[in-house]
Amino acid sequence: MPAVQPLLLACLLWGVGARTAQLHKAKDRSGRCQYTFTVASPEGSSCPEQGQAMSAIQDLQRDSSTQRADLESTKARLSSLEGLLHRLTLAQTAGAPETLEGLQRELGTLTRERGQLETQTRELETQTRELETAYGNLLQDKSVLEEEKRQLGAENEGLARRLESSLQEIERLRRDQCPQARGTSQGVPPGSREVSGSISENSDFQELKSELTEVPASRILKESPPGHPGSEEGDTGCGELVWVGEPVTLRTAETITGKYGVWMRDPRPVYPHTQESTWRIDTVGTAIRQVFEYSLLGQFTQGYPSKVHVLPRPLESTGAVVYGGSLYFQAAESRTVIRYELSTETVKAEKDLPGAGYHGQFPYSWGGYTDIDLAVDESGLWVIYSTEDAKGAIVLSKLNPESLEREQTWETNIRKQSVANAFVICGTLYTVSSYSSPDTTVNFAYDTGTGSSKALAIPFQNRYKYSSMIDYNPLEKKLFAWDNFNMVTYDIRLSTM
């Protein structure tokens, strides 16, 4: 920048001098340097007289003053330019870091935004994959449901045909009644009328027979059907099972979900429930949570529940029982037993059965995920199951009804998958050989008191050819069963101890 000022000053002087004067340099006779300054006349090419010379000198002086003023003005402008240039230089020098810092901040912001966009993109891609997977699963579920719908439709059509056939059979019987038919019914006890030997062999006529054998609800708890040697009312004594009566139908399920299920009463009722209180669970389907409660027998037989419980976890199998005011059941797809208090509708305890098979590992012969079956007798709460260590043989454990801890365990020599169902009476385990044969037997007994088992042949009827649940009620001294949509009871007789 210092070189700019002399350069501009030289140019200015040169331009001014080129118009008004010339400077000459030469040596004189003595060798000294002389400077000669020559100015051209502004008025003529010849030299003026003395007066004219004075005028020219004055003009030159005025021009010199003017030029000096112009020079000072130019110098002032140059100083101003130098100051402005200096300030600009300082501003650029000081502003560079600030500008760089601003650019770095903006770059950081853009980098963060880019990272956020990349993260959002990855999340969207993950969600897209999850949605595609869920959509595929929904399509599979839809296919399964459509197949189940088709099967249920086919079963519904079959039931409709059976109902129509039964109605036609009833109408035919009403038209064709004869003295012989009326004569054969004279020896049959009241409340259990039979129609014809040939008709009883017709499988489509089983549901008609269920209607003919129903008894009034008021008689269920107070008496046994005439001619059936059941235990007397109020008899709390124990003994060995020696006889099982014919099934008495109390109710028939209305829909396909009731093909198999479990129904029960509390042998040790707790307020507000009574001896009449009844519970029912239809177990066809998935995510079974509904428990229908009936306060009165009339409500149960007519199908009008007083309350519907929705369990906090779905249950599995037909092995649930009610005891001491609580529902005990197996949680779906697990070896967990849960105690659900009915009055407060809360879970009070839950416990895993160590090593117990579940979800089809060791069911009864009819299936239904009946790996874990709870039971009640005069002494309390039991659970029937099997384990890998037992190699599929029935394991029987006595449970604490409060904590569900196992108090004692017995391993039997009865293979669980070879029997249709089991129940406990007076500390003895009994098994039923078939779930579908109309005339089968109670075929084994295991006495926990002696640790020994023996074969039996006590007649047992599966009237509707699909018994999915058989339990003992020690208060009523009856067996409760669910046989192909029908909820039935059996009177029993125990030997005197």
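Our subject in this report is the structure included herewith. (Residues numbered from 1 in each chain as written. Predicted model: local features only at pLDDT ≥ 70, side-chain atom pairs only at ≥ 80, totals over all residues. Heavy atoms only, no water.)

**Some thoughts on the overall build of the protein**
Of the regular secondary structure elements, the protein holds six helices and 23 strands. Scored against the burial criterion, the 497 residues of the protein give a buried share of 35%. Put simply, 52% of the contacts in the protein that link residues at least 6 apart link residues at least 24 apart. Only carbon and sulfur atoms are counted for the fraction: they give 52% of the accessible area of the protein, which is about 28600 Å². (Helix = DSSP H or I, 4+ residues; strand = E, 2+ residues; numbered from the N terminus. Buried < 20%, exposed > 50% of the residue type's maximum accessible area, 1.4 Å probe, protein only. Contact = heavy atoms within 4.5 Å. Areas by Shrake-Rupley, 256 points an atom, 1.4 Å probe, with all protein chains shown as cover.)

**Here's the deal with the sheet that holds strand β16 (residues 406-415)**
With antiparallel pairing, the four strands of this open sheet are ordered in space as β13-β14-β15-β16. Of all the strands in the sheet, just β13 (373-377) and β16 have a single pairing partner and so form its edges. Strand after strand, the sheet turns through a mean of 25 degrees between neighbouring axes, direction not considered. (Pairing = 2+ DSSP bridges. Axes fitted to C-alpha atoms, helices over the stretch in contact; angles between N-to-C directions.)

**Some words on empty space enclosed by the protein**
Under the definition given, this model contains four cavities of 30 Å³ or more. Taken as a whole, the largest cavity holds about 110 Å³ of empty space. Along its surface, the largest cavity is lined by 13 residues, and Met 264, Arg 265, Val 321, Asp 471 and Tyr 472 are the ones closest to its centre. Of the residues contributing to the lining of the largest cavity, the split by class is ten nonpolar, one polar and two charged. (1 Å grid on protein atoms, 1.4 Å probe; cavity = no way out; pocket = protein on both sides within 12 Å on 5 of 7 lines; lining within 4 Å. Points joined across faces, edges and corners; volume = space filled by probe spheres on them. Nonpolar A, V, L, I, M, F, W, Y, C, P; charged D, E, K, R; others polar.)

**Brief notes about the pairing of strand β21 (residues 467-473)**
Among the seven residues that make up β21, seven are buried, leaving the element largely enclosed by the rest of the structure. Where β21 lies against strand β22 (residues 478-483), six bridges are found, and the strand directions are antiparallel. Bridging from a neighbouring strand, Ile 470 pairs with Ala 481 of β22. Joining the antiparallel neighbours β21 and β22 is a turn of four residues, in which Lys 477 adopts a positive phi near 55 degrees.

**Quick notes on the side chain of Ser 386**
Along the chain, Ser 386 falls in the loop between β14 (380-385) and β15 (393-399). For Ser 386, a relative accessible area of 0% corresponds to the buried category. At a separation of 3.4 Å, a polar atom in the side chain of Ser 386 contacts the main-chain amide nitrogen of Gly 392. (Polar contact = N/O pair within 3.5 Å; in protein donor to acceptor, adjacent residues only side chain to side chain.)

**Some words on the layout of surface pockets**
Where empty space is left becomes clear once a probe the size of a water molecule has been rolled over the atoms. Of the voids in this model, the largest pocket is the one considered here, and its volume is about 690 Å³. Lining the largest pocket are 25 residues; nearest its centre among them are Tyr 260, Thr 283, Val 284, Gly 285 and Thr 286. Those elements that provide at least two residues to the lining of the largest pocket are α2 (50-176) and β8 (307-315). A per-element tally of the lining of the largest pocket places α2 first, with four residues. Of the residues in the lining of the largest pocket, the class split is eleven nonpolar, nine polar and five charged.

**What about the state of the cysteines?**
What the rule picks out here adds up to one disulfide. Residue pairing for Cys 238: its cysteine sulfur links by disulfide to Cys 426, the two sulfurs lying 2.2 Å apart. An S-S torsion of about -90 degrees defines the bridge between Cys 238 and Cys 426 as left-handed. In this pair, Cys 238 is assigned in the loop between α5 (206-212) and β3 (241-244) and Cys 426 in the loop between β17 (421-425) and β18 (428-432), connecting sequence segments 188 residues apart. (Disulfide = S-S within 2.5 Å.)

**Focus: the sheet that holds strand β6 (residues 278-282)**
Pairing between sheet strands relies on hydrogen bonds along the backbone, with the strands arranged either parallel or antiparallel. Pairing is antiparallel in the open sheet, where four strands are placed in the order β5-β6-β7-β8. Of all strands in the sheet, those with a lone pairing partner are β5 (261-265) and β8, marking the two edges. Within the sheet, the average angular offset between the axes of one strand and its neighbour, ignoring direction, is 20 degrees.

**Quick notes on the nonpolar core**
Judged by nonpolar contacts, the single largest core of 28 residues is most densely connected at Trp 263, Met 264, Ile 281, Leu 311, Ala 320, Leu 327 and Phe 329. Only β4 (248-252), β5, β6, β7 (288-294), β8, β10 (326-330), β11 (336-341) and β22 provide two or more residues apiece to this core. The greatest single-element share of this core, amounting to four residues, is contributed by β7. Beyond its immediate chain neighbours, meaning those up to four positions away, Trp 263 contacts Leu 250, Thr 278, Trp 279, Arg 280, Phe 300, Met 469, Phe 480, Ala 481, Trp 482, Met 487, Val 488 and Thr 489. Tyr 430, Tyr 464, Tyr 472 and Ala 481 belong to the second largest nonpolar core, which has 20 residues in total. (Core = buried A, V, L, I, M, F, W, Y, C linked by side-chain atoms within 4.5 Å.)

**Thoughts on unusual backbone geometry**
Pro 272 follows Tyr 271 through a cis peptide bond whose omega is 10 degrees. Relative to the helices and strands, Pro 272 resides in the loop between β5 and β6. For His 359, which is not glycine, the phi dihedral falls at a positive 55 degrees. Within the secondary structure, His 359 sits in the loop between β12 (346-352) and β13. Of the residues examined, His 359 reaches a relative accessible area of 31% and is grouped as partly exposed.

**Some details on the side chain of Lys 416**
Mapped onto the fold, Lys 416 is located in the loop between β16 and β17. As a buried residue without a salt bridge, Lys 416 has its nearest oppositely charged side chain in Asp 371, at a separation of 6.0 Å. Beyond its immediate chain neighbours, meaning those up to four positions away, Lys 416 contacts Phe 362, Pro 363, Tyr 364, Ser 365, Thr 370, Asp 371, Ile 384, Tyr 385, Ser 386, Gly 392, Ala 393 and Ile 394. (Lys, Arg positive; Asp, Glu negative; His and termini not counted. Salt bridge = Lys/Arg side-chain N within 4 Å of Asp/Glu carboxyl O.)

**Quick look at the packing of aromatic side chains**
Here the structure, examined in full by the defined rule, presents ten aromatic pairs. Pairing Trp 366 with Tyr 466 gives two aromatic rings, centres 6.1 Å apart and planes at 75 degrees, and the pair type is edge-to-face. Of this pair, Trp 366 sits in the loop between β12 and β13 while Tyr 466 sits in the loop between β20 (452-461) and β21, and the two are 100 residues apart along the sequence. Centre to centre, the rings of Phe 423 and Tyr 430 are 5.8 Å apart; their planes meet at 25 degrees, and the pair counts as stacked. An aromatic cluster is defined as three or more aromatic residues linked by ring pairs; in this entry it consists of Tyr 260, Trp 366, Tyr 435 and Tyr 466. A cation over an aromatic ring shows up here: Lys 416 above the ring of Tyr 364, its NZ or CZ 3.9 Å from the ring centre. (Phe/Tyr/Trp six-rings, centres within 6.5 Å; stacked < 30°, edge-to-face > 60°. Lys NZ or Arg CZ within 6 Å of the ring centre and 35° of its normal.)

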